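Survey of secondary and tertiary structure
Each chain, letter by letter, is given below.
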Amino acid sequence: MYISIRLQTLWYFCIGLILVICCTILGANASSTPVNLYVSPLGNDTWSGEIAAPNSEKTDGPFQTLERVRDQIRTLKKGRKFPKGGITVYLRGGIYERKVPFILNAEDSGTKDSPIVYRPYLNEQVRLSGGKEIRDFYPVNDHSILKQMQPVARGKILQVDLKAQGITDYGQLSPRGFGRPDHPSPLELFFADQPMHIARWPNQGDLKIADVPAGKNGGRFTYDGNRPQLWNNKRDIWLHGYWTWDWADSYEKVKLINTQTHEIATEPPHGVYGYTKGKRYYVLNLLEELDTPGEYYLHRQTGILYFWPPTPVENNRAIVSMMKEPLVSLNAASYITLSGLIFEDSRGAALRIVKGENVLVAGCQIRNLGTNGVEIKGGIRHGVISSDVYNIGETGIVLNGGDRKTLTPAKHYAINNHIHNYARWVKTYRAGISIQGVGNLISHNLIHDAPHNAILLSGNDHIIEFNNIHHVCLETNDAGAFYMGGDYTQQGNIIRYNYFHHLYGLQKQNNSTHSTLVMAVYLDDGTSGTTIYGNLFYKVQQGVLIGGGRDNTVENNIFVKNKISISVDARILGWAKASAARGGNWRMVEKLEDMNYKHPPYSIRYPQLVKILEDEYGVPKGNKIIRNVYFGDGWLKLKNKLTDKTITIEGNLIKNDVSFVVPDDDLLQLKSDSAAYKFGFQHLPINKIGLYKDKYRKAVS
């Protein structure tokens, strides 16, 4: 027994010694100094990638492709030479045309102490493009084509043969829109780094449906005037419209046009919510309507692109979008930063980040895309910061993460981004930022100029703070700059210290049966448990709408010159009663049960939910409107016979002589001696709202 113990001890000693030796060897191989690798469009994948420019003998220099530098990092890892200080991949200036996504997987991850950074070399401009540059434009000389053009356009339109330049995949227009599946955009034309427009009629504004003789769901309607008599090729004409509601748009393909009866028939599914007399639409994809600078038309049979350039083509690049998949796809990758890059000219998204942790997109330009800018789904602590996101086909940034059943947060974030001119293709419910799941953050963003929502929220415990939001919901009504709705369980969300201003929407439609106002904060269809604190609402149609929900708090906000500042209704006792009941199309009761709401963690985190069905279901109890300041004509609107017996209304300062300070940045602030401070109103940190300078954002626009 004694000998056996001694042998066992000797065995453990030997194993330990071997481990020490191995660790020493591995430590010798792993450098504590960060490693730099280089990529250039003028590089060579047979070179080392360890120097920024080719040597004089042209025997060594940067890599040429992202895939090669990615594989080199994999090799360093396998050889136990991954540096403790991390790796920086410097991209030399130029255009990196992508035909397939640049894919980074778990094996391409860095670590907390050794991150991997992809960034430009010095201040060089690096563009990852999903498009292809086209050249050799020449005047239209085909008489049969010239005859189809309007006189004003003849001599102004140029053409280019895409097939001759190897481009044969044009994509297709598709019936995308509200409530429909996502699709990549068809081939688009970008000129001088701006999206051009498919030829349409009318060039501005909309047409109105004259009548619906077959009924709402009959798949046809009539039009006024004789314009369609000008159109020769009716095989690929499309319509875009808000066919019944001002918050639901879609694209519909024309099946036939009868110029005798002035009737248009469409391919199924025949418009979102069918067709309604007087609703608006326009016609697109017509050569005959190419009649203004910036328009183009692609003849898919011949591959000829016709274009009226807004400036001489010799002075600017013309790009057609090609890629349908994301330019960069990160799958379970972690501790990777993409910094200072331009992502552009794709039919799909710029970046898709799935699972993993701590992926950062920082100081990038994300533009001219057919679907979304950045898509984050799953994982933890991914973020987009200090980036410019614009000319996006659908949603600017998607933050989706966290477990709703366990209320586990993902801690994703979108901070200090400038997001504008998004939802170019699908107009409704494609927001500047869409936030889903649990425990994510939207902070210090500037969001403006879009047809519908700035922020679209679902889920729990998100924070929306210090954002500057204006001139959104430009094409819609009954809409919210911030919007959420239709689920009692989506609680714990905080909207604080934001500046909502200049939100006007469209003019009231005479035949609308719903509210036609645009709301700054729209808590729709039973939204509950939301805190709206310390925001500034200035020149908006309606500041806050509580649509039948419970336990919402509107506190310490400033409302100035709004048509209506706050509105509360009891819709679930009225017109929405059937929809909100068990078995109703909103699934309100079923959504409660889906989250097991009477048990932890919901019963602990949101105890007010436990008896919601038994405690006068549908009565908007627990809402508080306290310590707000109002200046103007329209303060509070309680609908459906609600009174202060149901809604707590306390300590609000409602005067027409409230004194404000208007600093140089036009952010209104109460004077220091305002009476509001005497009853507990807290100073708003207005000077902190919006964009700020950091190491990625050098200037604030």
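All figures in this text were calculated on a predicted structure; none of them were measured in a lab.

Looking only at helices and strands, one finds six helices and 57 strands in the protein chain. Relative to a compact globule of 701 residues, whose C-alpha radius of gyration would be 27 Å, the protein chain shows 29 Å and is just as compact. Overall, the C-alpha framework of the protein chain stretches about 90 × 80 × 55 Å when taken along its three principal axes. The 701 residues of the protein chain split such that 57% are buried.

Read from one edge of the open sheet, four strands run S7-S22-S10-S11, paired in antiparallel fashion. With one partner strand each, in any of the chains shown, strand S7 (131–134) and strand S11 (194–195) form the two edges of the open sheet.

Right, let's talk about unusual backbone geometry for a bit. Omega for the peptide link from Pro 268 to Pro 269 comes to 20°, which places this bond in the cis form. Tracing the backbone through its elements, the reader meets Pro 269 in the loop between strand S18 (263–266) and strand S19 (280–284). Cis geometry marks the peptide bond from Pro 600 to Pro 601; its omega dihedral reads 5°. Looking at the secondary structure, you find Pro 601 in the loop between helix H5 (588–594) and helix H6 (602–605). We note that Asp 449 has phi near 55°; this positive angle belongs to a residue other than glycine. The topology assignment puts Asp 449 in the loop between strand S37 (446–448) and strand S38 (455–457). Asp 449 gets classed as partly exposed once you look at its relative accessible area, which sits at 30%.

Okay, the pattern of salt bridges next. Pairs may arise between side chains of opposite charge once their charged atoms sit close together. All told, the structure shown has 38 salt bridges when counted by the stated rule. In this structure, the salt-bridge partner of Glu 67 is Arg 98, at a minimum N-O distance of 2.4 Å. Here Glu 67, found in helix H2 (residues 66–78), pairs with Arg 98, found in the loop between strand S3 (94–97) and strand S4 (102–104); they are 31 residues apart in sequence, far enough to count as distant. With respect to class, Glu 67 is no different from Arg 98; both count as buried. Arg 571 serves as the salt-bridge partner of Asp 524, at 2.7 Å between the closest nitrogen and oxygen. Pair noted here: Asp 524 is in strand S44 (residues 518–524) and Arg 571 is in the loop between strand S50 (564–569) and helix H4 (577–580), with a separation of 47 residues, a long-range link. Classification of Arg 571 as buried rests on a relative accessible area of 6%. The network of salt bridges with shared partners includes Arg 70, Asp 71, Arg 74, Glu 107 and Asp 108.

Turning our eyes to something else, we now look at the packing of aromatic side chains. All told, the structure shown has 30 aromatic pairs when counted by the stated rule. Aromatic side chains Tyr 429 and Tyr 483 sit 5.4 Å apart centroid to centroid with 75° between the ring planes, which places their arrangement in the edge-to-face category. One end of the pair, Tyr 429, is in the loop between strand S34 (418–420) and strand S35 (433–437); the other, Tyr 483, is in strand S41 (residues 479–485), with 54 residues separating them in the sequence. This pair shows no difference in class: Tyr 429 is buried, exactly as Tyr 483 is. Relative to Phe 559, the ring of Phe 537 has its centre 4.7 Å away and its plane inclined at 5°; by these criteria the two rings are stacked. Here Phe 559 lies in strand S49 (residues 558–560) and Phe 537 lies in strand S46 (residues 536–540), a separation of 22 residues in the sequence.

Here we come to the environment of Glu 357. Along the polypeptide, Glu 357 turns up in strand S27 (residues 357–362). On the accessibility criterion, Glu 357 (25% relative accessible area) is partly exposed. Along the primary structure Glu 357 and Ile 116 are separated by 241 residues, whereas in three dimensions their C-alpha atoms are 13 Å apart. Ignoring anything within four residues of it in the chain, the contact list for Glu 357 reads Ala 333, Ser 334, Tyr 335, Ile 380, Arg 381 and His 382.

A few words on the sheet that holds strand S20 (residues 295–299). Spatially, five strands are ordered S8-S9-S21-S20-S12 in an open sheet, and the strand pairing comes out mixed. Taken across any chain shown, the strands that pair with only one partner, and hence form the sheet edges, are strand S8 (138–139) and strand S12 (197–198). Here two bridges tie S12 to S20, and the two strands are oriented parallel to one another. Of the residues in S20, the one forming a bridge with His 197 is Glu 295.

In this section: the side chain of His 299. Inspection of the secondary structure assignment puts His 299 in strand S20. For His 299, a relative accessible area of 15% puts it in the buried group. Ignoring sequence-local partners within four residues, the contact set of His 299 consists of Asn 233, Ile 304 and Tyr 306.

In low-pLDDT segments, the atomic positions of the prediction should not be examined closely. Confidence along the protein chain averages 92 in pLDDT terms, with 92% of residues attaining 70 or more. Low pLDDT, under 50, characterises residues 1–28; the predicted model gives this stretch one contact beyond four residues in sequence or across chains.

Residues Tyr 118, Phe 343, Ile 366, Phe 482 and Phe 500 are the most contacted members of the largest nonpolar core, which totals 84 residues. Non-local contacts of Ile 366, meaning those with residues more than four positions away in its chain, are made with Phe 343, Ala 350, Leu 351, Val 361, Gly 373, Val 374, Asp 388, Val 389, Tyr 390 and Ile 392. If you look at the next biggest cluster of nonpolar residues, it comprises 25 residues, including Leu 173, Leu 284, Leu 298 and Leu 305.

Counting buried residues along S50, six of its six residues qualify, which places the element largely inside the surrounding structure. Pairing geometry for strand S47 (residues 542–547) and S50, over five bridges, is parallel. Residue pairing for S50: Leu 545 is matched across the bridge by Ser 567. Pairing between S50 and strand S53 (residues 636–638): three bridges, direction parallel. Paired with Ser 567 across the strands is Lys 637, a residue of S53.

Relative to the helices and strands, Asn 36 is located in strand S1 (residues 35–39). A relative accessible area of 31% places Asn 36 in the partly exposed class. Residues Asn 36 and Thr 88, 52 residues apart in the sequence, show an inter-C-alpha distance of 4.9 Å. Beyond its immediate sequence surroundings of up to four residues, Asn 36 is in contact with Gly 49, Glu 50, Thr 88 and Tyr 90.

The rules behind these values
Residues numbered from 1 in each chain as written. Predicted model: local features only at pLDDT ≥ 70, side-chain atom pairs only at ≥ 80, totals over all residues. Heavy atoms only, no water. Helix = DSSP H or I, 4+ residues; strand = E, 2+ residues; numbered from the N terminus. Rg over C-alpha atoms; globule rule 2.2 N^0.38 Å. Buried < 20%, exposed > 50% of the residue type's maximum accessible area, 1.4 Å probe, protein only. Pairing = 2+ DSSP bridges. Salt bridge = Lys/Arg side-chain N within 4 Å of Asp/Glu carboxyl O. Phe/Tyr/Trp six-rings, centres within 6.5 Å; stacked < 30°, edge-to-face > 60°. Contact = heavy atoms within 4.5 Å. pLDDT = per-residue confidence, 0-100. Core = buried A, V, L, I, M, F, W, Y, C linked by side-chain atoms within 4.5 Å.

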